[in-house]
Amino acid sequence: MGSRRQFLKTSALGLGGLSIGLSAFKYVSDFSSLEKGKAELKINLSRTPTYCEICFWKCAGWVYKREDGSIWKITGNDEDQHSNGRFCPRGTGGVGTYNDSDRLKTPLIRTGERGEHKFREASWEEALDLIAEKMKSIASVHGPESVALLNHGSGGKYFGDLLKAYGSTNIAAPSYAQCRGPREVAFINTFGEAVESPERTDIRDTRCLVLIGSHIGENMHNGQVQEMSDAIDKGATIITVDPRFSVVASKSKFWLPIKPATDLALLLSWINVLVTENWIDKDYVEKNTYGYDLLKDHVKSMTPEWAYGITGIHPDIIRKTAKEMYNASPAVIVHPGRHVTWYGDDTQRLRTVAILNAILGSWGRRGGFYNPATFAVPTYPHPPFPTPKTTWRDAFPDQFHLADESVSSKICDATIPSEVRNFSFKAWIVYGTNLIMTFPDQSKTIEAIKHLDLMVVIDTMPMEITSWADVVLPECTYLERYDSIRTGPHRKPAIALRMPAFEPKNNTKPAYWMAREIGVRLGLAQFFPFEKLEDYLDWQLKKLGSSLEEMQRIGVKTFEREADDLYFQPGEHHEFSTPTGKIELYSTAFLDEGFDPLPVYTAHPEPPSGFYRLNYGRAPMHTFSRTSNNPNLNDLMDENTLWVNPKVAKEWGLKKAQEIWLKNQDGKISNFPIKVRITERIRWDSVYMVHGFGHATKQLSRTYGKGISDTEMITNVMLDPIMGGTGMRGNFVTFLTEKPEEVAS
Amino acid sequence: MRYAMAVDTRKCVGCSDCVVACQTENNVPIGYCRDWVVEVVDGTYPQLELEIRSERCNHCDNSPCVRCCPTGASHIEEGGFVIVTHEKCIGCGACIASCPYDARYPHPDGYVDKCTFCLHRVKKGQLPACVATCPTKCMYFGDLDDPSSPVSKVLKTRKFKTLIPEAGTKPELYFLI
Amino acid sequence: MREELITSGRMNVAIDPQLHIWAWEIPFYLFLGGLAAGILFFAALYTLIGKEKEFPSAIEKTPLIVPFLLIIGLGALFLDLNHKLYFWRLYTSINLQSPMSWGAWVLMVVTPVSIIWAALHVKKTFVNWKWPFAWLDVLEVFFSRYKRILAWIMIIYSLILGIYTGILFSAFNARPLWNTSILGPLFLTSGLSTGAAINILMARTQHERHSFSRIDLMLIGIELFLIVHIFMGFLASTQVQIDAAKLFLGGPYTAPFWILVVFFGMVLPGILEFLELKNFKIPIFIPAVLVIVGGLLFRFIWTFAGQSSRWLY
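Parameters and conventions
- Along each chain, numbering runs from 1 in the same order as the chain's sequence is written.
- For naming, the first written chain is A and the first written ligand is 1, with later ones following in the order written.
- This being a predicted model, a pLDDT of at least 70 is required before a residue's local features are given, and a value of 80 or more before pairs of side-chain atoms are given or counted; all residues contribute to the totals for chains, interfaces and linings.
- By the criteria applied, helices consist of DSSP H or I runs no shorter than four residues and strands consist of E runs no shorter than two, each listed in order from the N terminus.
- For this measure, only C-alpha atoms enter the radius of gyration; the expected value for a globule follows 2.2 Å times N^0.38, where N is the number of residues.
- Burial is judged by counting other C-beta atoms within 10 Å of a residue's own C-beta: 20 or more means buried, 12 or fewer means exposed, and anything between counts as partly exposed, with every C-beta placed from the backbone.
- Note on contacts: each residue gets a C-beta atom placed from the backbone, and two residues are in contact if those atoms are within 7 Å.
- By this definition, two strands are paired if DSSP reports at least two bridges between them.
- Just so you know, the domain bounds were taken from an automatic or database domain assignment.
- Under the scheme applied here, ten amino acids are nonpolar (Ala, Val, Leu, Ile, Met, Phe, Trp, Tyr, Cys and Pro), four are charged (Asp, Glu, Lys and Arg), and all others, including Gly, are polar.
- The convention used is that axes are lines fitted to C-alpha atoms, helices contributing only their stretch in contact, and that angles between N-to-C directions extend from 0 to 180 degrees.
- Oblique is the label for any angle not under 35 degrees, not over 145, and not in the 65 to 115 range, which are roughly parallel, roughly antiparallel and roughly perpendicular in turn.
- Left-handed describes a crossing whose near helix is turned anticlockwise from the far helix through less than a right angle; right-handed describes the clockwise counterpart.
- Confidence of the predictor in every single residue is expressed as pLDDT, which spans 0 to 100.
- The term nonpolar core refers to a group of buried residues, namely Ala, Val, Leu, Ile, Met, Phe, Trp, Tyr and Cys, whose C-beta atoms join them within 7 Å.

Some details on the overall build of chain C
Assigned secondary structure in chain C consists of 11 helices and one strand. Written out in order from the N terminus, the α and β elements of chain C read β-α-α-α-α-α-α-α-α-α-α-α. Taking 20 Å as the expected radius of gyration for a compact globule of 313 residues, we find that chain C reaches 21 Å, a close match to that expectation. Projecting the C-alpha coordinates of chain C onto the three principal axes gives extents of approximately 75 × 50 × 25 Å. When the 313 residues of chain C are sorted by exposure, 49% land in the buried category.

Focus on the interface of chain A and chain B
Taken together, the contacts link 33 residues of chain A with 30 residues of chain B. Elements represented by at least two residues in the side of chain A that touches chain B include exactly β3 (71-76), α4 (89-92), α9 (222-233), α10 (247-250) and α24 (631-636) of chain A. Considering every element that reaches the side of chain A that touches chain B, the biggest residue donor is α9 of chain A, with five residues.

Things to note about the pairing of strand β5 (residues 81-84) of chain B
Taken together, the four bridges between strand β4 (residues 74-77) of chain B and β5 of chain B define a ladder with antiparallel strand orientation. Bridging across to β5 of chain B, histidine 75 of chain B finds its partner in isoleucine 83 of chain B.

A few points about the domain arrangement of chain A
Residues and elements named next belong to chain A. Assigned domains of chain A: these are domain 1 (191-372 + 573-592) and domain 2 (612-736). Averaged C-alpha coordinates put domain 1 and domain 2 at centres separated by 29 Å. In this assembly, 17 residues from domain 1 lie in contact with 23 residues from domain 2. Looking at side-chain class alone, the side of domain 1 that touches domain 2 contains eight nonpolar, six polar and three charged residues.

Focus on the interface of chain C and chain B
Counting from both sides, the interface comprises 40 residues of chain C and, opposite them, 44 residues of chain B. Top contributing element to the side of chain C that touches chain B by residue count: strand β1 (residues 2-6) of chain C, with five residues. In terms of residue class, the side of chain C that touches chain B is built from 21 nonpolar, 12 polar and seven charged. When strand β2 (residues 36-44) of chain B meets β1 of chain C, the two strands line up antiparallel, connected through five bridges. When the sheet's bridge partners are listed, glutamate 39 of chain B is paired in β1 of chain C with leucine 5 of chain C.

Quick notes on the packing of helix α1 (residues 25-48) of chain C against helix α7 (residues 183-202) of chain C
Geometry of a packed helix pair, given as the angle between the helix axes and the separation of the axes. Residue and element names in this part refer to chain C. It is at 7 Å that the axes of α1 and α7 come closest, and there the two elements cross at 65°. Relative to α7, the element α1 lies roughly perpendicular. Helix-helix and strand crossings are classified by hand; for α1 and α7 the assignment is right-handed. Contact residues: Gly34, Leu35, Ala37, Gly38, Ile39, Phe41 and Phe42 in α1; Phe187, Ser190, Gly191, Leu192, Ser193, Thr194, Gly195, Ala196, Ile198 and Asn199 in α7. Considered class by class, the residues forming the contact of α1 with α7 number nine nonpolar, eight polar and no charged.

Thoughts on the confidence of the model for chain C
Chain-level pLDDT for chain C is 93 on average; 100% of the residues reach the 70-or-more range. The ipTM for the predicted assembly is 0.96, set against a pTM of 0.92.

Concerning the nonpolar core
By size, the foremost hydrophobic cluster in this structure holds 364 residues, and its most contacted members are Leu209, Ile271, Val456 and Val687 of chain A, Met5 of chain B together with Ala36 and Ala43 of chain C. It is α1 of chain C that contributes the most residues to this core, 16 residues altogether. Of the domains in this structure, domain 1 (191-372 + 573-592) and domain 2 (612-736) of chain A are the two that each give at least three residues to this core. In this view, alanine 36 of chain C contacts Val66, Leu69, Leu70, Ser114 and Leu161 of chain C; residues no more than four positions away in its chain are not counted.

Re the packing of α1 of chain C against helix α6 (residues 147-170) of chain C
Residue and element names in this part refer to chain C. Interhelical geometry of α1 versus α6 gives an angle of 150° and a closest axis separation of 8 Å. For the pair α1 and α6, the crossing hand works out as left-handed. In terms of residue class, the contact of α1 with α6 is built from 15 nonpolar, seven polar and one charged.

Comments concerning the sheet that holds strand β3 (residues 47-55) of chain B
Reading across from one edge, β3(B)-β2(B)-β1(C) is the order of the three strands in this open sheet, with antiparallel pairing throughout. The sheet terminates laterally at β3 of chain B together with β1 of chain C, the two strands that pair on one side only. Ignoring strand direction, the axes of neighbouring strands in this sheet form an average angle of 15°.

Here it is, written out as structure tokens:
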């Protein structure tokens, strides 16, 4: 069962497994006429195609230059399904990533202690030799499996290939366990497939969009914001469940100002209303689902009146909103959200979301969830990867069997030696992710790093994580390099090219080059047969019926789907990749692993008196902590503020824009102060701030010391036992109006 | 020929893409902006209302800035665009003081700068940069004298308002409410 | 509760957090312009009504400083410009709707006229004055024939100069504090008052001094009347005007305005001048200096307060 899921997952992500099998015949002929091709770099000086790297949405667009060769602007590619020709503020502000004077310029080798940010400049030769040498010695003593890659971004693929060739499959993206993991596991165990990135939500045709804490509009997933606007134009109903009056809440027909941490009760009561009133897609449920009667029985007692006492949402509203959902069905989306690692029972909460969608019949239907198509890009033949003797899972033998990706935070945990384990990680390669602001419980991250024999960080900016590296490798920005062909899943299969608009600035290099150079030094050159990535891309594109030259001209190429299967056709029979072959309202896999097969509400700790729940979120002009130093985006928002309800402000005597420090329930005090925003948009039991500020690295000149990092205040991690997700919303803060003495300067 | 712009406050999410797109398109120096986003919150939790507006120069019909310019640098081009001719501007700041919307600012190069409705793009048949980039497509631009233009159509079917109409400037930036 | 904020980080130089496009240069120039207008007005007035013998200082001595006042004022204006090299554009067009354009052209007339007037009378004060060039003697003879015409030009243009400084501000409806038609007459009266005050200082005869004291007393009375009416007008107007008035009625400018400008700059010198006229022994320069300094402060306060009065945000 597990391997079938894995197989489908791999091909759905288009990593070429399927195509290698299909191109088996062509393998021999290609190998004999080894024509790698010299792709000529024809940079059209007026505009060059790229896809954005600032967030995972990877919108394809054009980079324009002025007559003097300097960067002018970045706009969207009209043919691109991800952006429809319109970039979001971060993508438009991408000019700042190129222009940022604080960029990493040259390889750095540590001279002081880890964390002191004391480096000396080094040549690429020296830096790469050092890394290869250390990797060899670690492999000989501890085995190659003790090297882990933590990555977020396009270049991570090449370091992933390097590691796999080296002998380790311990490759993790923090965006799984720190962000979307619970919903992928929940949906896989309900529908047999994950939600994917970009999300497969058919927002533009939906008639009812239900958001559980999702703040579309403040979180700027380009396609989602665009489609939500289309939906508003078409008169769709939006129902927002959020303790905060988010921007989308202000555009909703119903805003449910729910008490924090009680969403699961509301969701269960909705199921109660739908099954009691029989407001379900009966045909769909009967044909496609398993466990409906078990579900009906399970939610019998979870009435709106029961939920009212827990959530504060009036039973009438619960029933009204349930009716809205039913009226729209199957063109209804109970949105799974994206960052869902909140309280530790997140997989179960997302299971409830999946169940709701299932009984409303929205999965695979227009206005609900469409079936995405992707592109299988061929991989150039190489020797098979060695089979690793251990993986991170061996560090946690009885846990996280249902996690379908590697759990980054558990790799971090398993770096701290323990008697319970017979192995721990010895080296981290960190690509494009600022772990200090990504992993909650910073002290544990730091402790783990201290136990490493080798810490390599690849980044474009001197983010906090670079302070802890032994070797910092400066990557050029996405505007200065080629990267893999983008094949992200969408309504139609499409490919997009990223090509450089500029030569790499200073002494920076692309990740492909770095990974290959390390590979060569490790004797793994055969896994990187192409010296220049553009030659590899040309080879791949020619196999797809295109070419590098064509893609340089058009940027995006969209194809037709092979079958008319964007949505389920009526009368069609579907097999779902679940143990029962049906949509599992009752999860048999969860039962097997000892978890509740149907979600159960548990109450979560509430803030003590004088403390407020720390809620965090996004701003549309920033992506986590990576854009706060970007000159154009910093110009829009240069610090975060703490949203405080006026009643609370009055109690504390706080004034508008007053600077305060925060202290959390574990006594952790913030490094820097934050300005107060007194606003009615936040409940009296919580405070809110945008994530990604409070940078403590002086090298980030524009953003150093501005605002507070919510990550440093998140010391209480609520572990999701099902897939290892790190719930971050169980932290409470109180205010310090005077500068505390223990604050580090 | 009378160009105007309409912003749909029901769809605007305040992302400020219009601000940074204008900045890159028009080489606005960092630290300055020709357009900006305003958020207005009314009510008490949980009875709340939120209006978000993307604002800029309104290219007024009765523009006080054109009136008060001593050199004629601030003038109106065909189509109603209020434009500053850089070589005629002496940087006296009168127009800046005369704008009730605070839409103008002194450019570091000496002259006074502001939104131009991207006249250079409109002349080529393109939309202003902010309108072209807005992810929610909540901005409409066009010729009010052309009934088929996007802005004419949307002003016929939706309720709208302008900012401080009592200031008497007859602004041509409409907010759909 | 209404919360209104700009969320895209706008912080334009000279615009945010509040308008501060004009610093000391403008109020300084307005003061100098008003003072020059006052001096020229009285010089022209007494020439035209034939009282040259009674008011010799006003006609012959005080106007000597006017060219310098105007040149310093023009220098301040030049410094205020952000695009200095293009200042000559002011003189390539006349825009009748722009008070600043009027000002530029009025100064084009007043400055040379004041120079001529000063040149015509310089020998009365500096007895041994000799022109360095012969053609200047010729010009002196030429212009002294047209003294009456010069006086007419001066009286008209000095009134325009005095009143336009106020109209310059009052034409900005975007600054509610300035947007009152009383401001023009008020600045004119203030200018005339400072002109009278400086004439008190420069006068040689008791008669001239007392005449100007009486004139100044009357002008101060008119000023106070106009100030009361400005505020009455604001409070009876729209919300933005009421907010503007509040800046001076409990707001940050209350003390500086009422104490420094109104009391020390108008009321106190008025009382002192009145007492002096009633033959109390008061050094006459005290009220004169108070009036002049009060006039300067008045323009400074009004410029800064006006920039903080607004319609939005």
